[in-house]
Amino acid sequence: MSFDLVVLAVEPSATADDVRQMADHCTGMEHRDGELDQRIVSFYEELRARFPDHPPYDPESPWMSAPLDVGIDHVSMNISYSPRGSEAVDVVLDLAERYGLVIYDPQGDEVTGSRGDYEVSVTG
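Since the model is a prediction, treat every value here as computed from it, not as a measurement.

**Notes on the overall build of the protein**
Working step 1: Each helix and strand in the protein was counted, giving three helices and five strands.
Working step 2: Counting only residues that meet the buried cut, the protein has 42% of its 124 residues in that class.
Working step 3: Here the contacts in the protein between residues at least 6 apart in sequence split such that 63% fall between residues at least 24 apart.
Working step 4: Of the accessible surface of the protein, which amounts to about 7,000 Å², a share of 51% is contributed by carbon and sulfur atoms.

Take a look at the structure:
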């Protein structure tokens, strides 16, 4: 069993609907072209230093598919339901907060970020 999370570099004025649309675009077949968002670069570098997503693969890796899907403004990951997956989620939450990024959980249709109104489900 696994679940997905998408970490996004959004503008401070972005709404939960903006985040949802961006996540849909980022997880589609075509990614945006342009300059890399430094927040995403820093997030991904620290995340993969802790949990590598390139060979040789650790048998205890939290990633159900690797390498992670990375674009100029997002990192999308498929995480195992396991103690190692839980540890990875804690790191993702910490790094996202540190770099001012937003997390989209497509299973629960929830957006989490530094803005208080993101703490609730975007469906309600």
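Okay, back to it.
**Let's talk about the nonpolar core**
Working step 1: By size, the foremost hydrophobic cluster in this structure holds 22 residues, and its most contacted members are Leu-5, Val-7, Phe-43, Leu-47, Trp-63, Met-77 and Val-92.
Working step 2: Contributions of two or more residues to this core are made by β1 (2-8), α2 (38-50), β3 (74-80) and α3 (83-99).
Working step 3: The element best represented in this core is α3, accounting for six residues.
Working step 4: Look past the residues within four positions of Val-7 in its chain and what remains in contact with it is Ile-40, Phe-43, Asp-73, His-74, Val-75, Met-77, Val-92, Leu-101, Val-102 and Ile-103.
Working step 5: Core analysis: the next-biggest nonpolar cluster, separate from the first, contains 12 residues, Val-6, Leu-8, Val-10 and Met-22 among them.

**Digging into helix α1 (residues 16-26)**
Note that an α-helix has 3.6 residues per turn; residues three or four places apart therefore point the same way.
Working step 1: For α1, the full list of buried residues reads Ala-16, Val-19, Arg-20, Met-22, Ala-23 and Cys-26. Viewed along the axis of α1, the buried residues span an arc of 165°, placing them on a single side of the element. α1 presents Gln-21 and Asp-24 as exposed residues on the side facing more than 90 degrees away from its buried surface.
Working step 2: The secondary structure elements touched by the buried residues of α1 are β1, β2 (69-70), β3, β4 (102-105) and β5 (110-112).

Parameters and conventions
Residues numbered from 1 in each chain as written. Predicted model: local features only at pLDDT ≥ 70, side-chain atom pairs only at ≥ 80, totals over all residues. Heavy atoms only, no water. Helix = DSSP H or I, 4+ residues; strand = E, 2+ residues; numbered from the N terminus. Buried < 20%, exposed > 50% of the residue type's maximum accessible area, 1.4 Å probe, protein only. Contact = heavy atoms within 4.5 Å. Areas by Shrake-Rupley, 256 points an atom, 1.4 Å probe, with all protein chains shown as cover. Core = buried A, V, L, I, M, F, W, Y, C linked by side-chain atoms within 4.5 Å. Arc of directions from axis to C-beta.

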